[in-house]
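Read off the chains here:
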Amino acid sequence: MLKRLILSLFFAGNVLLSVADGFRFNHGPYLQNLSSNEVTLFFTTSSRAFSWVEVKGDGWEKTRCFYTVNDGLVQAYNTQNEIKITGLEPGREYRYRLIAKEMKQFHPYKIIYGDSIASQWESFTTVPEKMDSCSFVIINDGHDDARKVARLLGCSQLEKADAVIYLGDMTSHIDNVDVPYKGFIDVSVDMFARNKPFIAVRGNHETRGNMGRSYGNYVARPNGRFFNIFYYGETAIIVLDTGEDKPDTHPVYGGINRFDDYRREQARWLEQEVKSKRFRKTRNRIVLMHIPPILPREDNSPEGHAIKELSKLFVPIFNKAKIDLVLSGHMHRHYVVNAHPDANHFPIVINDNKSVVDLKSGKEGIKVKITNENGSTNDIIF
Ligand SMILES: [Fe+2]
């Protein structure tokens, strides 16, 4: 009775605002895959529900509702949601809120709903078609340490950034549904992700654990894959999924990894992608890959396998495609591999596991600022 009384205080229109206990939104919303004309919203409900997103845009006669529909069925009786908002215009601000109806019972011929809840209204701005410059905040190798992620975001130019990039190994392994939320997603929602997207580059540790295969339920996979290309004005951002570090045949993988083939598939895709008119017209070309394609020293241990494969497969493509900069993590140490006419024609910046990178790309080139947890900085201009 008391609970019902408290809930009624939050009554807004014909739905209840989400409250701390009872049926509620418990993770998100967070923006993924924001482009000039669409965005995908991720969020969860505390119990099984039918959920959707309401969106308002300037000049729209009324609020539009977006659902996930598969094969004629609206996604429902689920808790993890991934809802794509389409038909947007470049460089425009939109407002949105989540709605969910709890599904108490789901019989073949009768559905019994419980409470309906709504989130607060939030906003986002689509990527403009023309941009003089773009900027990103980059963090890698957080390894489940959400407090460190918060500290590093606090040392960054988060306010000015178009997106945050998590460059892999934000978790150590996934063996529980809460791991990605606790490790980096909830802190992102608190600090920016309701209004500004993050791009998650998969690291080798996100492939580990008995729930590693569910990582795509937490982060967007545009076109259904973890490798892709994003455009921000005159800047192309290539995202690669470098897979595991050791050979597929290593005993710790138990015979169920096929990353050598997967890296070759990505090389074939990239070879075609860089021939596109859009890419060839792009001024600045940046690659994000968790494991670097070259190290200043050779690593002949099993852990060095992926680096050798990446070097062989991708460095010739990067050279031909005139890549300006490769950004990596994985090593937990800071390295800069300078461009060399007989090897990599592009510099490689490897960020350590206790610094944040502010990257700005524009007419004047690419500027990288690295700030460690103590606030000391290092500027590199390419
Ligand atoms: Fe790693």
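Please read these numbers as outputs of a predicted model, since none were measured by experiment.

Caption draft 1: Quick peek at the domain arrangement of the protein. Looking at the assigned domains, one finds that the protein contains domain 1 (2-125) and domain 2 (133-381). A separation of 30 Å is found between the C-alpha centroids of domain 1 and domain 2. A combined buried area of about 1600 Å² lies between domain 1 and domain 2, and 48% of that area is made up of carbon and sulfur atoms. When the area that domain 1 buries against domain 2 is broken down by residue, the three leading residues are His27, Tyr30 and Gln80, summing to 35%. At the junction of domain 1 with domain 2, the criterion picks out 1 salt bridge. Across the domain 1-domain 2 interface, the total number found is 10 residue pairs in polar contact (both at pLDDT 80 or more). Only strand S3 (25-32), strand S4 (39-57), strand S8 (78-85) and strand S11 (122-125) provide two or more residues apiece to the side of domain 1 that touches domain 2. Considering every element that reaches the side of domain 1 that touches domain 2, the biggest residue donor is S3, with 6 residues.

Caption draft 2: The arrangement of the sheet that holds strand S20 (residues 348-350) in detail. If you walk across this open sheet you meet the 6 strands as S15-S16-S17-S18-S20-S19, and the pairing is mixed. The open sheet terminates on both sides in strands that have one partner only, identified here as strand S15 (228-232) and strand S19 (335-337). Pairs of neighbouring strands in the sheet enclose a mean axial angle of 20°, with direction left out of account. Pairing analysis gives 3 bridges linking strand S17 (residues 284-288) to strand S18 (residues 325-328), with the strands arranged parallel. Bridging from a neighbouring strand, Ile286 pairs with Leu325 of S18.

Caption draft 3: Local environment of the packing of helix H2 (residues 146-154) against helix H3 (residues 179-193). One can describe the packing of H2 onto H3 by two numbers: an axis separation of 8 Å at closest approach and a directional angle of 35°. Relative to H3, H2 is oriented so that their crossing is right-handed. Counting all contacts with H2, which are made through Ala146, Val149, Ala150, Leu153 and Gly154, the residues of H3 involved are Lys182, Gly183, Val187, Met191 and Phe192. Its residues placed into classes, the contact of H2 with H3 shows 7 nonpolar, 2 polar and 1 charged.

Caption draft 4: Representation of the confidence of the model for the protein in the model. Confidence in the prediction for the protein averages 93 pLDDT; 95% of positions are at 70 or higher. Below pLDDT 50 for its whole length, residues 1-14 participates in 12 contacts with residues either more than four positions away or in separate chains.

Caption draft 5: Layout of the packing of helix H4 (residues 259-273) against helix H6 (residues 305-320). Look at H4 against H6: their axes get within 10 Å of each other, and the N-to-C directions meet at 10°. Here H4 is positioned roughly parallel relative to H6, judged by the angle of their axes. Within the contact between the two elements, H4 uses Asp260, Arg263, Arg264, Gln266, Ala267, Leu270 and Glu271 and H6 uses His305, Ala306, Glu309, Leu310, Leu313, Phe314, Ile317 and Phe318. Taken together, the residues that form the contact of H4 with H6 break down as 8 nonpolar, 2 polar and 5 charged.

Caption draft 6: Region of interest: the coordination of the iron ion. Taken together, Asp169 (OD), Asn204 (OD1), His290 (NE2) and His330 (ND1) make up the full set of protein donors to the iron ion, lying 2.0 to 2.2 Å away. Bound by 4 donor atoms, the iron ion shows angles of 90 to 167° at the metal and therefore irregular coordination geometry.

Caption draft 7: Representation of the environment of Asp58. With respect to the helices and strands, Asp58 occurs in the loop between S4 and strand S5 (64-66). Owing to a relative accessible area of 66%, Asp58 belongs among the exposed residues under this scheme. Taking the C-alpha atoms as reference, Asp58 lies 47 Å from Ala339; in sequence the two are 281 residues apart.

Caption draft 8: Focus on the side chain of Asp169. Note on placement: Asp169 falls in the loop between strand S13 (163-166) and H3. Side-chain polar atoms of Asp169 contact the side chain of His290, separated by 3.0 Å. Residues within four places of Asp169 in sequence aside, it is in contact with Asp141, Gly142, His143, Gly203, Asn204, His205, Glu206, His290 and His330.

Caption draft 9: Broad picture of the environment of Ile323. Its location among the elements puts Ile323 in the loop between H6 and S18. In sequence terms Ile323 and Asn140 are 183 residues apart; their C-alpha atoms lie 21 Å from each other. In contact with Ile323, not counting residues within four places along its chain, are Ile238, Phe279, Arg285, Val287, Phe318 and Phe346.

Caption draft 10: How the structure looks around the pattern of salt bridges. Scanning all chains against the criterion turns up 14 salt bridges. Residues Arg151 and Glu373 are paired through a salt bridge, measuring 2.6 Å at the closest nitrogen-oxygen approach. Of this pair, Arg151 sits in helix H2 while Glu373 is found in the loop between strand S22 (365-372) and strand S23 (377-381), placing the two residues 222 residues apart along the sequence. Residue classification places Arg151 among the partly exposed positions, given a relative accessible area of 43%. For Glu373, a relative accessible area of 27% gives the class partly exposed. Between Lys246 and Asp245 there is a salt bridge; the shortest N-O distance is 3.3 Å. Of the two residues, Lys246 and Asp245, both sit in the buried class.

Caption draft 11: Layout of the packing of aromatic side chains. Inspection of the entire model under this criterion finds 21 aromatic pairs. Judged by centre distance (5.9 Å) and plane angle (70°), the rings of Phe184 and Phe198 are edge-to-face. One end of the pair, Phe184, is in helix H3; the other, Phe198, is in strand S14 (residues 198-200), and 14 residues separate them in sequence. Phe184 gets classed as buried once you look at its relative accessible area, which sits at 0%. Taken together through their ring pairs, the aromatic side chains of Tyr30, Phe42, Tyr166, Phe184 and Phe198 make up a single cluster.

Conventions adopted
Starting afresh in each chain, residues are numbered from 1 along the sequence in its written order. Residue-level local features of this predicted model are given only where pLDDT is at least 70; pairs of side-chain atoms are given and counted only at 80 or more, and the full residue set underlies all totals for whole chains, interfaces and linings. Computation of side-chain values: all heavy atoms of the structure, hydrogens and water removed. All the domain ranges listed were derived from an automatic or database domain assignment. Throughout, the accessible surface (probe 1.4 Å) given up by two parts as they are put together, summed over both, is called the buried area. Salt-bridge detection follows one rule: a side-chain nitrogen of Lys or Arg within 4 Å of a carboxyl oxygen of Asp or Glu. Two N or O atoms form a polar contact when they lie within 3.5 Å of each other; inside protein one atom must be a possible hydrogen donor and the other a possible acceptor, and for residues adjacent in sequence the pair counts only when both atoms belong to side chains. In this description a helix means any DSSP run of H or I spanning at least four residues, a strand means any run of E spanning at least two, and both kinds are numbered starting from the N terminus. A pair of strands counts as paired when DSSP detects no fewer than two bridges linking them. Fitted lines through C-alpha atoms serve as axes, helices being fitted only where they are in contact, and the angles separating the N-to-C directions of these axes extend from 0 to 180 degrees. For a crossing to be left-handed, the near helix must be turned anticlockwise from the far one by less than a right angle; the clockwise case is right-handed. Here, residues are in contact when the closest pair of their heavy atoms is within 4.5 Å. Under the scheme applied, nonpolar residues are Ala, Val, Leu, Ile, Met, Phe, Trp, Tyr, Cys and Pro; charged residues are Asp, Glu, Lys and Arg; polar residues are all the others, including Gly. Scored from 0 to 100, pLDDT reflects the predictor's confidence in each residue. Convention used here: angles under 35 degrees read as roughly parallel, angles over 145 as roughly antiparallel, angles from 65 to 115 as roughly perpendicular, and any remaining angle as oblique. Coordinating donors are taken to be N, O and S atoms lying within 2.8 Å of the metal, or within 3.2 Å when the metal is Na, K or Ca; because water is excluded from the atom set, some sites may appear incomplete. Every geometry call rests on angle ranges, with four donors termed tetrahedral when all angles are between 85 and 135 degrees, four termed square planar and six termed octahedral when opposite donors are over 155 degrees apart and all others are between 65 and 115, and everything else termed irregular. For every residue, the accessible area (1.4 Å probe, protein chains only) is compared with the maximum for its type, and the residue is labelled buried under 20%, exposed over 50%, or partly exposed between those bounds. Side-chain rings of Phe, Tyr and Trp (the six-membered ring for Trp) are treated as a pair once their centres are within 6.5 Å; stacked means planes under 30 degrees apart, edge-to-face means over 60, and tilted covers the remaining angles.

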